[in-house]
Amino acid sequence: MEQQNATISKIERLCTDIVRLTLYAPSIAAKAKPGQFINLKTGPGFDPLLRRPFSIHNIDGEGHLQVIFKILGKGTSALADLRQSQTINIVGPLGNHFQASPSMCLIGGGLGIAPLLFLARSILGQQDVPTLKIILAARNKQELSCFTPEFEALDLPLYLATDDGSLGHHGLVTELMPTALSGDTDWQVCSCGPHPMMSAVATICRQHKWRCQVSLETMMACGISACLGCAVPASDHNNTGKQYLHVCQDGPIFWEGDIKWT
Amino acid sequence: MDIKTPKLAVNIGDLCIANPIMTASGTFGYGREYENFVDLSQIGAIVVKGISLQPRPGNPPPRIVETACGMLNAIGLENVGLDRFIQDKMPYLRQQNCCVIVNVLGDSIEEYCQLAEQLNDVEGVSGLELNISCPNVKKGGVAFGTNESMAHAVTNAVRKLTKLPLIVKLSPNVTDIGAIACAVEEGGADSVSLINTLIGMAISIKTRKPILANVIGGLSGPAIKPIALRMVYQTADRVKIPIIGIGGISTWQDAVEFLLAGATAIQVGTANFVNPKAVEEIRQGLTEYLVEQKMESIKELTGAAKR
Ligand SMILES: Cc1cc2nc3c(=O)[nH]c(=O)nc-3n(C[C@H](O)[C@H](O)[C@H](O)COP(=O)(O)OP(=O)(O)OC[C@H]3O[C@@H](n4cnc5c(N)ncnc54)[C@H](O)[C@@H]3O)c2cc1C
Ligand SMILES: Cc1cc2nc3c(=O)[nH]c(=O)nc-3n(C[C@H](O)[C@H](O)[C@H](O)COP(=O)(O)O)c2cc1C
Ligand code: FES
């Protein structure tokens, strides 16, 4: 991990409230692994004070790194107002990363789709390319379309769903899992999205004895395991006495069974 | 013109530190977390995360929330406990040649005493900082630091057991912080550090509930700087022992203000989260300021706002 000033190569509004930021940060991009995140200082000054964490969405071989974010509050509004060729201070790459396996299904919901492009691309770049399926969902067509072009270009089995039925299946990702994951295959699922979605996906995986990794979000002050602010309850199935895990250090990627789902 | 390198070294009791910039407990982990960003051996002193006799799991989440120019935390003093600190964390810090000050916390005077005794002979420990913002379980949970006689008693008990430089860290959640400072000076403290976080809260208008699971938390960051500075300024009139200023220090200019108010050294807290190189940049800025002001030693700044 390191801290550096990165130049904004491109900043694009993909829809009303979703922005794709392309940064030139060669040394961080070179080290990044799928599932890791960067911590951005959204601007000078003390308000907002803390950095904001974002998953790495994509990297190219030329030192660029992309994140996609939704405009929610102060920090993301300030980020959305930045312009090309301005610089921004970033710390990264942070956290752990997804693990690959021979038969994989990536399930993303909303902005949780962001890290899955980097993951899919790196899996496709491996020597022995595993079986790979992708299920993506969002509130509506507008939101989902911010992500679909890059995934369609991968030429993989792609299943889409929206909450309002404006694109793909009208309903939840979990309803697409039986179609996408038929057969007795020993799947490994990698999931990122709203907490209830990941919890439902994890439940289905447990029923089928599929391995499942999830990407968690919490409030973060430091991102480098110094503040201990990013705790999530642990299942502690190994009886180590550890009540909490820390998202920035032990995660953001966790095996579903290590988490105490609430 | 011949510009000499200004002297940055200061004394905290018998402890001489190479420069007055320390890290605040709970904001710098056990040091190693920052190894990719700063040269740990160049930091005046690293004050590690508060250590208790037994490991503590900490509070349920959410533990932190950002507020205007600051943040609230209710970490709940999560720490690895004394034994694991000595076994797992100290060897690394010794290797780095860091000046290490151990921040300790307890539920009773006896616990503080046991901690002090067990840290006495640990190689590489340069000093103790007592966090007296903790509740005294035997006195109905009233914080040691909010009562003059309890603050005196815990300081005095630890003083009798340790030769290590003893810093007592004061809570700002009191009517007269100067009175507490006098009590711990009288109890044998070599130095007081102030301030710890100010208690506060935040409520979500969406869920209509407090945001922190613990309901209240400690406010830190630039938002508290004017309060901390005022407390340092006032305490400087009340005690003779050196004061370590803490609270919202983010830039070298902030550090200069605290020195001028009467602090001998300063601690950088929340700023480390925002800028992991903060301590190094502050040291650099201070040095340049001294050169520009043609000062030979940083000691000339301490309390200058009063002269
Ligand atoms: C590991 C990780 C990866 C993430 N990846 C992405 C991503 O790829 N795309 C994306 O759009 N968002 C991502 N997020 C969430 C993103 O960090 C928050 O949406 C952002 O910080 C909100 O900032 P704000 O100032 O606009 O919102 P605020 O006004 O501060 O708050 C709006 C909402 O965002 C949440 N939030 C605020 N600060 C943080 C923080 N430091 N960490 C987590 N949540 C916070 C608040 O709880 C609140 O619900 C990720 C979060 C984490 C922890
Ligand atoms: C996340 C966090 C954890 C902290 N943990 C401790 C602790 O364990 N012991 C202690 O004495 N102070 C602790 N503090 C208080 C700081 O050391 C410091 O006194 C306070 O944050 C004010 O300084 P600042 O505004 O520069 O952060 C903690 C502060 C924060 C923000
Ligand atoms: S965000 Fe500070 S420890 Fe994880």
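### Comments concerning the overall build of chain B
Here comes step 1: If you tally the helices and strands in chain B, you get eight helices and 18 strands.
Here comes step 2: The C-alpha radius of gyration of chain B comes to 18 Å, within 12% of the 19 Å expected for a compact globule of 307 residues.
Here comes step 3: Taken along its principal axes, the extent of the C-alpha atoms in chain B is 60 × 50 × 40 Å.
Here comes step 4: Relative to its full complement of 307 residues, chain B shows a buried share of 59%.
Here comes step 5: Within chain B, residue pairs in contact and separated by at least 24 positions form 70% of the contacts whose partners lie at least 6 positions apart.
Here comes step 6: For chain B, the exposed surface amounts to about 12,500 Å²; the carbon and sulfur share of it is 50%.
Here comes step 7: Considering chain B, the positive charge centre built from 28 side chains and the negative charge centre built from 30 side chains are found 5 Å apart.

### What to know about the state of the cysteines
Residues and elements named next belong to chain B.
Here comes step 1: One pass over the structure, following the stated rule, counts zero disulfides over all chains.
Here comes step 2: Lacking any disulfide linkage, cysteine 134 is separated from the closest cysteine sulfur, that of cysteine 113, by 14 Å.
Here comes step 3: Classification of cysteine 134 by relative accessible area gives buried; the value is 4%.

### Topic: the site of ligand 1
Residues and elements named next belong to chain A.
Here comes step 1: Contacts to ligand 1 come from 20 residues, most closely from Arg52, Pro53, Gly75, Thr76 and Thr218.
Here comes step 2: Contact distances for ligand 1 include 2.8 Å between an oxygen atom and a side-chain N or O atom of arginine 52.
Here comes step 3: Here serine 55 contributes a backbone N or O atom positioned 3.0 Å from a nitrogen atom of ligand 1.
Here comes step 4: Within the complex, the protein chains bury 80% of what would otherwise be the 850 Å² of accessible surface of ligand 1.
Here comes step 5: Of all elements in the fold, only strand S4 (52–55), strand S6 (64–70) and helix H2 (74–80) reach the threshold of two or more residues within the shell around ligand 1.
Here comes step 6: Its residues placed into classes, the shell around ligand 1 shows 10 nonpolar, five polar and five charged.

### Some words on the site of ligand 2
Here comes step 1: Neighbouring residues of ligand 2: 26 residues in total, closest B:Ser25, B:Lys169, B:Gly221, B:Gly248 and B:Thr270.
Here comes step 2: Chain contributions to the surroundings of ligand 2 come from chains A and B.
Here comes step 3: At 2.7 Å, a backbone N or O of B:Gly248 approaches an oxygen atom of ligand 2.
Here comes step 4: A distance of 3.2 Å separates an oxygen atom of ligand 2 from a polar atom in the backbone of B:Gly269.
Here comes step 5: Protein contact buries 98% of the 610 Å² of open area that ligand 2 shows by itself.
Here comes step 6: A breakdown of the residues in the shell around ligand 2 according to their chemical character gives nine nonpolar, 15 polar and two charged.

### Regarding the sheet that holds strand S12 (residues 188–192) of chain A
Residues and elements named next belong to chain A.
Here comes step 1: Across the sheet, which stays open at both edges, the seven strands sit in the order S11-S10-S9-S8-S12-S13-S16 with mixed pairing between neighbours. Each having just a single partner strand, strand S11 (169–170) and strand S16 (253–255) make up the two edges of the open sheet.
Here comes step 2: Inspection of the sheet shows strand S8 (residues 103–109) paired to S12 by five bridges, in the parallel sense. Among the inter-strand pairings, isoleucine 107 is bridged to a residue of S12, identified as serine 191.

### Here's the deal with the environment of B:Gln54
All names here are of chain B.
Here comes step 1: Tracing the backbone through its elements, the reader meets glutamine 54 in the loop between strand S4 (45–47) and strand S5 (64–67).
Here comes step 2: Linking glutamine 54 and leucine 82, residues 28 residues apart in sequence, is a C-alpha distance of 6.5 Å.
Here comes step 3: Setting aside residues up to four positions removed in sequence, glutamine 54 forms contacts with Asn79 and Gly81.

### Section: the domain arrangement of chain A
Residues and elements named next belong to chain A.
Here comes step 1: Taken as a whole, chain A is organised into domain 1 (2–94) and domain 2 (103–215).
Here comes step 2: The C-alpha-based centres of domain 1 and domain 2 are spaced at 24 Å.
Here comes step 3: Of the residues lining the interface, 17 residues belong to domain 1; the matching set on domain 2 comes to 14 residues.
Here comes step 4: At the boundary of domain 1 with domain 2, total buried surface from both sides reaches about 1,400 Å², with 64% on carbon and sulfur atoms.
Here comes step 5: Counting the surface domain 1 buries against domain 2, the share from its top three residues, Pro34, His57 and Lys70, is 35%.
Here comes step 6: Linking domain 1 with domain 2 are two salt bridges, by the criterion used here.
Here comes step 7: Among the salt bridges present, the one from lysine 70 reaches glutamate 143, with a minimum N-O distance of 2.9 Å.
Here comes step 8: Taken together, the links from domain 1 to domain 2 amount to six residue pairs in polar contact (both at pLDDT 80 or more).
Here comes step 9: When contributions to the side of domain 1 that touches domain 2 are tallied by element, the ones reaching two or more residues are strand S1 (2–15), strand S2 (18–24), strand S5 (58–59) and S6.

### Quick look at the nonpolar core
Here comes step 1: B:Val102, B:Ile132 and B:Leu170 are the most contacted members of the largest nonpolar core, which has 140 residues in total.
Here comes step 2: Two domains share this core, each providing at least three of its residues, namely domain 1 (2–94) and domain 2 (103–215) of chain A.
Here comes step 3: The residues contacting B:Val102, other than those within four sequence positions of it, are B:Val48, B:Ile51, B:Phe85, B:Leu119, B:Val125, B:Gly127, B:Leu128 and B:Glu129.
Here comes step 4: Residues A:Cys15, A:Phe98, A:Met104 and A:Ile123 belong to the second largest nonpolar core, which totals 26 residues.

### Quick look at helix H5 (residues 225–236) of chain B
All names here are of chain B.
Here comes step 1: Here H5 contains 12 residues, and its C-alpha end-to-end distance of 16 Å stays within 8% of the 16 Å for a straight helix at 1.5 Å per residue.
Here comes step 2: Restricting attention to buried positions, one finds in H5 the residues Lys225, Ala228, Leu229, Met231, Val232 and Thr235. Each buried residue of H5 lies within a common arc of 160 degrees when the element is viewed along its axis, so the set occupies one face.
Here comes step 3: Where H5 is buried, its residues touch helix H4 (177–186), strand S12 (191–194), strand S17 (243–246) and helix H6 (252–261).

### What to know about the interface of chain A and chain B
Here comes step 1: Contact with chain A, which involves 29 residues of that partner, is made by 32 residues of chain B.
Here comes step 2: In this assembly, chain A and chain B are joined by one salt bridge.
Here comes step 3: Linking chain A to chain B there are six residue pairs in polar contact (both at pLDDT 80 or more).
Here comes step 4: At the level of secondary structure, the elements contributing two or more residues to the side of chain A that touches chain B comprise S1, strand S14 (231–233) and strand S15 (244–246) of chain A.

### Considering the side chain of A:Thr174
Here comes step 1: For A:Thr174, the location among the structural elements is in helix H6 (residues 173–180).
Here comes step 2: Beyond its immediate stretch of four places on either side in the chain, A:Thr174 contacts A:Ala200, A:Val201 and A:Ile204.

### A look at the packing of aromatic side chains
Residue and element names in this part refer to chain A.
Here comes step 1: Counted according to the given criterion, the structure contains five aromatic pairs over all chains.
Here comes step 2: Seen in terms of ring centroids, phenylalanine 54 and phenylalanine 69 are 5.6 Å apart; in terms of plane orientation they differ by 50 degrees. Their pairing is tilted. A residue pair is termed long-range when its members are at least 10 positions apart, and phenylalanine 54 in strand S4 and phenylalanine 69 in strand S6 qualify at 15 residues. Of the two residues, phenylalanine 54 and phenylalanine 69, neither departs from the other in class, the shared state being buried.

Conventions adopted
- Residues numbered from 1 in each chain as written.
- Chains lettered and ligands numbered in written order.
- Predicted model: local features only at pLDDT ≥ 70, side-chain atom pairs only at ≥ 80, totals over all residues.
- Heavy atoms only, no water.
- Helix = DSSP H or I, 4+ residues; strand = E, 2+ residues; numbered from the N terminus.
- Rg over C-alpha atoms; globule rule 2.2 N^0.38 Å.
- Buried < 20%, exposed > 50% of the residue type's maximum accessible area, 1.4 Å probe, protein only.
- Contact = heavy atoms within 4.5 Å.
- Areas by Shrake-Rupley, 256 points an atom, 1.4 Å probe, with all protein chains shown as cover.
- Lys, Arg positive; Asp, Glu negative; His and termini not counted.
- Charge placed at Lys NZ, Arg CZ, Asp CG, Glu CD.
- Disulfide = S-S within 2.5 Å.
- Near = heavy atom within 4 Å.
- Polar contact = N/O pair within 3.5 Å; in protein donor to acceptor, adjacent residues only side chain to side chain.
- Nonpolar A, V, L, I, M, F, W, Y, C, P; charged D, E, K, R; others polar.
- Pairing = 2+ DSSP bridges.
- Domains from an automatic or database assignment.
- Buried area = accessible area lost by both parts, 1.4 Å probe.
- Salt bridge = Lys/Arg side-chain N within 4 Å of Asp/Glu carboxyl O.
- Core = buried A, V, L, I, M, F, W, Y, C linked by side-chain atoms within 4.5 Å.
- Expected span 1.5 Å × (residues − 1).
- Arc of directions from axis to C-beta.
- Phe/Tyr/Trp six-rings, centres within 6.5 Å; stacked < 30°, edge-to-face > 60°.

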